[in-house]
Amino acid sequence: RSLAERKMASTSQADSKKASAQTSGKGFATRAIHAGQDPEPTTGAVSTPISLATTFAQRSPGEHTGFEYSRTGNPTRKAFEECLASVENAKFGLCFASGSAASATIIHMLNSGDHVISIDDVYGGTNRYFNRVANPASNLKFSFVDLTKQGALAANVTARTKMVWLETPTNPTLKVTDIQLIAKECKKRSLILVVDNTFSSPAIQNPLDLGADIVVHSITKYINGHSDVVMGAVCTNCPKIYEKLKFLQNAIGAVPSPFDCYMAMRGLKTLELRMKQHTKNATEVARFLEAHPKVDKVVYPGLESHPQYDVAKKQMAMAGGMVTFFLKGGIKESRQFLEALKIFALAESLGAVESLAEHPAIMTHAAVPPDQRRKLGISDSLVRLSVGMESIKDLIEDLKQALAAVKLSSKL
């Protein structure tokens, strides 16, 4: 690496240590509000300024204040990266233009011929990138495995395996994998464990504390929480991984705008409060659906009927706001239900204050091959809900009237 790149990494590491020390030992909400966000020194502004500058003056060639070019580093982005790292109990945080950009940058750490073991029920966009971009373009090999099953990881490791990619809970079937157990298996084999923590958020689950090497987020979802920012992020405690990802962040250049960093940082301040309300509403929605005669099955980590309920209870502080359920019937009945909703918006994405409903087989997971969808149980009757923060009475009433619009065949 060049001298400038080494200085950049060294400065970033020193700043991260300083920010971490200032909020060390503080509660989640305190860190979310204050980490990386000291009052602006010139004016005393308590709200972190949006720095739109693309370039920064240097005292002498190669001597700068820690910023030289905004793709390499930006003051607003740096504040958000430090805050996010703090709430993930990480030493380092890096932000990207989207969750997909963050995931792609992590995969760029690997070499041609390397092998990745991924949870089978992975986000459709991640599945698409692995199978249709990283595999043909970089000759990377991927195995999609149900890592909730004992011995599944060990059975799929090869001499070229370098990384394990985990989502928990998964999207959309909400499988919960024991992070600590998988982390121990990875450590034995010197494998990098990546955990996508999007569905939980740092307010619910901290994978690094459980042994993961890298945490990845779609900031678009719960962390921002208002359906108005697209962004991704990566957190780690390993200096070597951080230096590699920092280099790739700069070299590839898929960075977010300062304005989006400001917006996401504002969203992060209320994350803990929002996750409590999301969980409260989702729990009531899940119980309502579980008792409804037109619903075949409900999957929610907070229900004792969830297959990995004990694991969820162990590693998640709350059950979260995502509810998956299976209607009786098929695509016709799913369309009837989704088209009848009034408060739940029929839309992709998740994790915002407003409630959303979607049909994964047609929408978010259409890129997953049909045979793989069938194997995963992503059927035409599966509906995914992102339960928002509206009055629970109104949400239940909306679900009631939409279910009333479903006309079941007499054969069902």
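Everything here concerns the structure above.
A brief structural summary. No experiment lies behind these values; they were computed from the predicted model shown.

### Observations concerning the layout of surface pockets
Sizing a probe to match a water molecule and rolling it over the atoms shows the empty space that remains.
Thought 1: Approximately 430 Å³ is the volume found for the second largest pocket.
Thought 2: Forming the walls of the second largest pocket are 25 residues, and the residues nearest its centre are Gly-99, Ser-100, Tyr-123, Ser-218 and Lys-221.
Thought 3: Of all elements in the fold, only α4 (99–107), α5 (124–138) and β6 (214–218) reach the threshold of two or more residues within the lining of the second largest pocket.
Thought 4: Class assignment of the residues belonging to the lining of the second largest pocket gives a composition of seven nonpolar, 13 polar and five charged.

### What to know about helix α3 (residues 75–87)
Thought 1: Between its terminal C-alpha atoms α3 stretches 19 Å, which fits the 18 Å expected from 13 residues at 1.5 Å a residue.
Thought 2: Of all 13 residues in α3, eleven are buried, a share of seventy percent or more.
Thought 3: Within α3 the residues assigned to the buried category are Thr-76, Arg-77, Ala-79, Phe-80, Glu-81, Glu-82, Cys-83, Leu-84, Ala-85, Ser-86 and Val-87.
Thought 4: Positive phi shows up at Asn-89, right after α3, with a value of about 55°.

### Details of the environment of Val-295
Thought 1: In this structure, Val-295 sits in strand β8 (residues 295–299).
Thought 2: By relative accessible area, which is 6% here, Val-295 ends up buried.
Thought 3: The spacing of Val-295 and Leu-327 is 32 residues in sequence and 4.5 Å in space, taken between C-alpha atoms.

### Describing empty space enclosed by the protein
Thought 1: Inspection of the entire model under this criterion finds one cavity of 30 Å³ or more.
Thought 2: The computed volume of the largest cavity comes to approximately 40 Å³.
Thought 3: As for the largest cavity, its lining consists of Pro-169, Leu-174, Phe-199, Pro-301, Met-316, Ala-319, Gly-320, Gly-321 and Met-322.
Thought 4: Grouping the constituent residues of the lining of the largest cavity by class yields seven nonpolar, two polar and no charged.

### Quick word on the nonpolar core
Thought 1: Judged by nonpolar contacts, the single largest core of 84 residues is most densely connected at Phe-80, Ile-106, Ile-107, Trp-165 and Leu-193.
Thought 2: Element by element, the count of residues in this core is highest for α3, at six residues.
Thought 3: Here Ile-107 is in contact with Tyr-129, Phe-130, Ala-134, Leu-140, Phe-142, Met-163 and Trp-165, once residues within four sequence places are set aside.
Thought 4: With 28 residues, the next largest nonpolar core counts Phe-344, Leu-399, Leu-403 and Val-406 among its residues.

### Topic: the sheet that holds strand β10 (residues 345–346)
Thought 1: Across the sheet, five strands lie side by side as β8-β9-β12-β11-β10; this open sheet has mixed pairing. Of all strands in the sheet, those with a lone pairing partner are β8 and β10, marking the two edges.
Thought 2: In this structure, strand β11 (residues 356–358) lies alongside strand β12 (residues 382–386), joined through three bridges in antiparallel fashion. Its bridge partner being in β12, Glu-358 is matched across the sheet by Arg-384.
Thought 3: The strands touched by helix α12 (residues 331–340) are β9 (322–327), β10, β11 and β12; relative to β9, the strand with the most contacts, the crossing angle is about 135°.

### Focus: unusual backbone geometry
Thought 1: The linkage connecting Thr-168 with the following residue, Pro-169, adopts the cis geometry, with an omega of -5°.
Thought 2: Following the sequence through the fold, Pro-169 ends up in the loop between β4 (161–167) and α7 (179–189).
Thought 3: Omega for the peptide link from Asn-171 to Pro-172 comes to 15°, which places this bond in the cis form.
Thought 4: Along the polypeptide, Pro-172 turns up in the loop between β4 and α7.
Thought 5: Not every positive phi belongs to a glycine, and Ser-349 is a case in point at roughly 80°.
Thought 6: Here Ser-349 is to be found in the loop between β10 and β11.
Thought 7: For Ser-349, a relative accessible area of 26% gives the class partly exposed.

### Side note on α4
Side chains three or four residues apart in an α-helix point the same way, a direct result of the helix having 3.6 residues per turn.
Thought 1: Judged by how many residues are buried, α4 sits mostly within the fold: eight of nine residues are covered.
Thought 2: All buried positions along α4 are accounted for by Gly-99, Ala-101, Ala-102, Ser-103, Ala-104, Thr-105, Ile-106 and Ile-107.

### Concerning the sheet that holds β6
Thought 1: In space, the seven strands of this open sheet follow the order β1-β7-β6-β5-β4-β2-β3, with mixed pairing throughout. Two strands lie at the open edges of the sheet, namely β1 (92–96) and β3 (141–145), each paired on one side alone. Sheet twist, expressed as the average angle between the axes of neighbouring strands with direction ignored, equals 20°.
Thought 2: Pairing analysis gives five bridges linking β1 to strand β7 (residues 232–236), with the strands arranged antiparallel. Residue pairing for β7: Phe-96 is matched across the bridge by Gly-232.
Thought 3: The strands that α5 touches are β2 (115–119), β3 and β4; relative to β3, the one it contacts most, it runs at about 155°.
Thought 4: Docked against the sheet, α7 engages β4 and β5 (192–196), running at close to 155° with respect to β5.

Conventions adopted
- Residues numbered from 1 in each chain as written.
- Predicted model: local features only at pLDDT ≥ 70, side-chain atom pairs only at ≥ 80, totals over all residues.
- Heavy atoms only, no water.
- 1 Å grid on protein atoms, 1.4 Å probe; cavity = no way out; pocket = protein on both sides within 12 Å on 5 of 7 lines; lining within 4 Å.
- Points joined across faces, edges and corners; volume = space filled by probe spheres on them.
- Helix = DSSP H or I, 4+ residues; strand = E, 2+ residues; numbered from the N terminus.
- Nonpolar A, V, L, I, M, F, W, Y, C, P; charged D, E, K, R; others polar.
- Expected span 1.5 Å × (residues − 1).
- Buried < 20%, exposed > 50% of the residue type's maximum accessible area, 1.4 Å probe, protein only.
- Core = buried A, V, L, I, M, F, W, Y, C linked by side-chain atoms within 4.5 Å.
- Contact = heavy atoms within 4.5 Å.
- Pairing = 2+ DSSP bridges.
- Axes fitted to C-alpha atoms, helices over the stretch in contact; angles between N-to-C directions.

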